[in-house]
Amino acid sequence: MTDSSPALVLDSPAVTNAEPAERTVNFKLVLLALAMGGFAIGTTEFAAMSLLPYFSVGLGIDEPTAGHVISAYALGVVVGAPILAVFFARMSRRTLAMGLMAVFAIANVLSALSPSYHWMLLFRFMSGLPHGAYFGVAALMAASLVPMNRRAWAVGRVMLGLSIATVIGVPFATWLGQALGWRWGFGVTGVLATITFLMIMAFAPKDPPRPGATPLRELSALKNRQVWLTLAIGAIGFGGLFAVYAYIASTLLEVTGVAPYWVPVVLTIFGIGMTCGTLIGSWGADRALMPTAGILLLSNAIFLIIFPFVVMNVWLLSALVFLIGCTGGLGTVLQTRLMDVAQDAQTLAAALNHSAFNVANALGPWLAGMSIAAGYGFASSGFVGSALALGGLIIWAIAVWDSRRTGI
């Protein structure tokens, strides 16, 4: 199968039991539908940060308190990914993806209608619950549509939705929140999620339930050392990228000394880099999966340690931010690695990947914040990030050694 193939004939026994054998599925439309879900998720996850000053005023709370709303979403991701993956593993993947998007749409609309801070906390937590499970099941659906040697390519196309959200979705939601009110910034995500639901229903092939996928079988992934090592690479190694990303705006304004309009420009450059990295990472993973992960981690460590030395020049900083964004392709690589090592617990392992990334999203900014609070300045986030990337690289080396020793 090549990129130009217009459709995929569903001729496997598992699929033909659900639909007529002659039905064909345009796999590009399926991938587009799944990527739209990633676009919706990425939009609300990152736009919540840029909308924080506005909904804090709207809800009558200060900005540090409003920050708990973002933490509530991340907590929902960490909690929801394993629980939903375990208890709904038997369900048809198409049905599960649609159900998760339905919950995501409703929770975001409710977030837009929140009458108070505490209701907002609850609805943002609810919004985070489907996040990891959706990406997990979407990755498995995408991989099932293509040959084994193109799985990372397919998963990468789904993850592109998340990357493109940082370039298009987040600026649009932020502009909408500024122009019409912060509630519209969350409400638009509900619309995007509804569109995703309809696209999956229209384009994704029906697949039968999986009665053999019991909760106990899914939990067997937790006994697999390679699963834990892969998750640890993401939780530690990816923390380096977030350590710098969380403070880019503050670095630009307070250290580089640029005008405020530079902030969205540089963040967009980061998003473009992340999009390129997803494409490059998926290409490399289909050819040499673990070496690609190692290269991305090492590159990230190098780029991040350079960061403090270029913060005074906006042009050099912008170029470096693009390169740091490129290392975000690690997400696709690790998602594919989990498919290789999870054995019979594919759904749980795939979903846990996004729990690990949200741990990284909390760990990186927290450690960088400690460095900044200790008086080392915003630029020190680069040193912290590089240390985390090197930590991920050490875990990667252990995983490679253990894999060669055990043959997994």
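Fair warning: this is a prediction, and the values are worked out from it, not measured in the lab.

### As for the overall build of the protein chain
Then, number 1: Per the secondary structure count, the protein chain includes 17 helices and two strands.
Then, number 2: For 408 residues, the compact-globule estimate of 2.2 N^0.38 gives 22 Å, and the protein chain sits close to it at 21 Å.
Then, number 3: Considered along the principal axes of its C-alpha atoms, the protein chain spans approximately 60 × 50 × 40 Å.
Then, number 4: Per-residue burial for the protein chain yields a buried fraction of 58% across its 408 residues.
Then, number 5: Sequence-distant contacts in the protein chain: of pairs separated by 6 or more residues, those separated by 24 or more amount to 82%.
Then, number 6: Of the roughly 16300 Å² of accessible surface on the protein chain, 72% is carried by carbon and sulfur atoms.
Then, number 7: With 19 positive and 14 negative side-chain charges, the protein chain shows a spacing of 6 Å between the two charge centroids.

### Considerations on the pattern of salt bridges
Then, number 1: A complete count under the given rule lists three salt bridges for this structure.
Then, number 2: Across the pair Asp-340 and Arg-151 runs a salt bridge whose closest N-O atoms are separated by 2.8 Å. With Asp-340 in helix 15 (residues 330-341) and Arg-151 in helix 6 (residues 151-180), this residue pair connects regions lying 189 residues apart in the sequence.
Then, number 3: A residue is classified by how much of its surface remains accessible, and Asp-340, at 36% relative accessible area, is partly exposed.
Then, number 4: The closest approach of N and O atoms between Arg-405 and Asp-402, which form a salt bridge, is 2.8 Å. Pair noted here: Arg-405 and Asp-402 are both in helix 17 (residues 381-406), with a separation of three residues, about one helical turn.
Then, number 5: Where salt bridges share partners, they join Arg-225, Asp-402 and Arg-405 into one cluster.

### With respect to the nonpolar core
Then, number 1: In terms of nonpolar packing, the biggest core is built from 108 residues, with Leu-34, Phe-55, Tyr-134, Phe-186, Ile-200, Leu-252 and Ile-324 touching the most fellow members.
Then, number 2: Top element by residues in this core is helix 2 (residues 27-58). It accounts for 14 residues.
Then, number 3: Non-local contacts of Phe-186, meaning those with residues more than four positions away in its chain, are made with Thr-44, Ala-48, Leu-51, Phe-55, Asn-108, Ser-111, Ala-112, Met-120 and Arg-124.
Then, number 4: Of all hydrophobic cores here, the second largest spans 14 residues; its members include Ala-81, Leu-231, Ala-351 and Leu-352.

### Considerations on helix 16 (residues 346-376)
Along an α-helix, residues three or four positions apart point the same way, because every turn accommodates 3.6 residues.
Then, number 1: Between the first and last C-alpha of helix 16 there are 43 Å, a value that for 31 residues agrees with the 45 Å anticipated at 1.5 Å per step.
Then, number 2: Positive backbone phi, at 85 degrees, marks Gly-377, one or two positions downstream of helix 16.

### Section: a nonpolar patch on the surface
Then, number 1: On the surface, Leu-298, Ile-302, Ile-305, Ile-306, Phe-309 and Phe-383 cluster together into a nonpolar patch covering about 570 Å² of accessible area.
Then, number 2: Per element, the largest residue contribution to the nonpolar patch is four residues, and it comes from helix 13 (residues 289-306).
Then, number 3: With respect to the helices, strands and loops of the structure, Ile-306 is situated in helix 13.

### Here we look at the environment of Leu-298
Then, number 1: Structurally, the position occupied by Leu-298 is in helix 13.
Then, number 2: Through-space distance from the C-alpha of Leu-298 to that of Gly-237 is 9.7 Å; in sequence the pair is 61 residues apart.

### Comments concerning the packing of helix 5 (residues 117-144) against helix 6
Then, number 1: As a packed pair, helix 5 and helix 6 sit with axes 8 Å apart at the nearest point and diverge in direction by 140 degrees. The pairing of helix 5 with helix 6 is recorded here as oblique in orientation. Crossing angle aside, the handedness with which helix 5 passes helix 6 is right-handed. On helix 6, the residues touching Phe-135, Ala-138, Ala-139, Ala-142 and Ala-143 of helix 5 are Arg-151, Ala-154, Val-155, Val-158, Met-159 and Leu-162.
Then, number 2: Grouping the constituent residues of the contact of helix 5 with helix 6 by class yields 10 nonpolar, no polar and one charged.

### Quick notes on the side chain of Ser-282
Then, number 1: Structurally, the position occupied by Ser-282 is in helix 12 (residues 262-285).
Then, number 2: By relative accessible area, Ser-282 is classed as buried at 1%.
Then, number 3: Among the polar contacts listed, one links the side chain of Ser-282 to the backbone oxygen of Leu-279, at a separation of 2.9 Å.
Then, number 4: Those residues in contact with Ser-282 that sit more than four places away from it in its chain are Ala-152, Trp-153, Gly-156, Arg-157 and Thr-332.

### Regarding the state of the cysteines
Then, number 1: All chains considered together, the criterion is met by zero disulfides.
Then, number 2: Counting only cysteine sulfurs, Cys-326 is the nearest neighbor of Cys-276, a cysteine outside any disulfide, at a range of 5.4 Å.

Parameters at a glance
- Residues numbered from 1 in each chain as written.
- Predicted model: local features only at pLDDT ≥ 70, side-chain atom pairs only at ≥ 80, totals over all residues.
- Heavy atoms only, no water.
- Helix = DSSP H or I, 4+ residues; strand = E, 2+ residues; numbered from the N terminus.
- Rg over C-alpha atoms; globule rule 2.2 N^0.38 Å.
- Buried < 20%, exposed > 50% of the residue type's maximum accessible area, 1.4 Å probe, protein only.
- Contact = heavy atoms within 4.5 Å.
- Areas by Shrake-Rupley, 256 points an atom, 1.4 Å probe, with all protein chains shown as cover.
- Lys, Arg positive; Asp, Glu negative; His and termini not counted.
- Charge placed at Lys NZ, Arg CZ, Asp CG, Glu CD.
- Salt bridge = Lys/Arg side-chain N within 4 Å of Asp/Glu carboxyl O.
- Core = buried A, V, L, I, M, F, W, Y, C linked by side-chain atoms within 4.5 Å.
- Expected span 1.5 Å × (residues − 1).
- Patch = residues over 30% accessible without salt bridge, like charges linked within 9 Å, V, L, I, M, F, W, Y side chains within 5 Å.
- Axes fitted to C-alpha atoms, helices over the stretch in contact; angles between N-to-C directions.
- Parallel < 35°, antiparallel > 145°, perpendicular 65-115°, else oblique.
- Left-handed = near helix turned anticlockwise from the far one by under 90°.
- Nonpolar A, V, L, I, M, F, W, Y, C, P; charged D, E, K, R; others polar.
- Polar contact = N/O pair within 3.5 Å; in protein donor to acceptor, adjacent residues only side chain to side chain.
- Disulfide = S-S within 2.5 Å.

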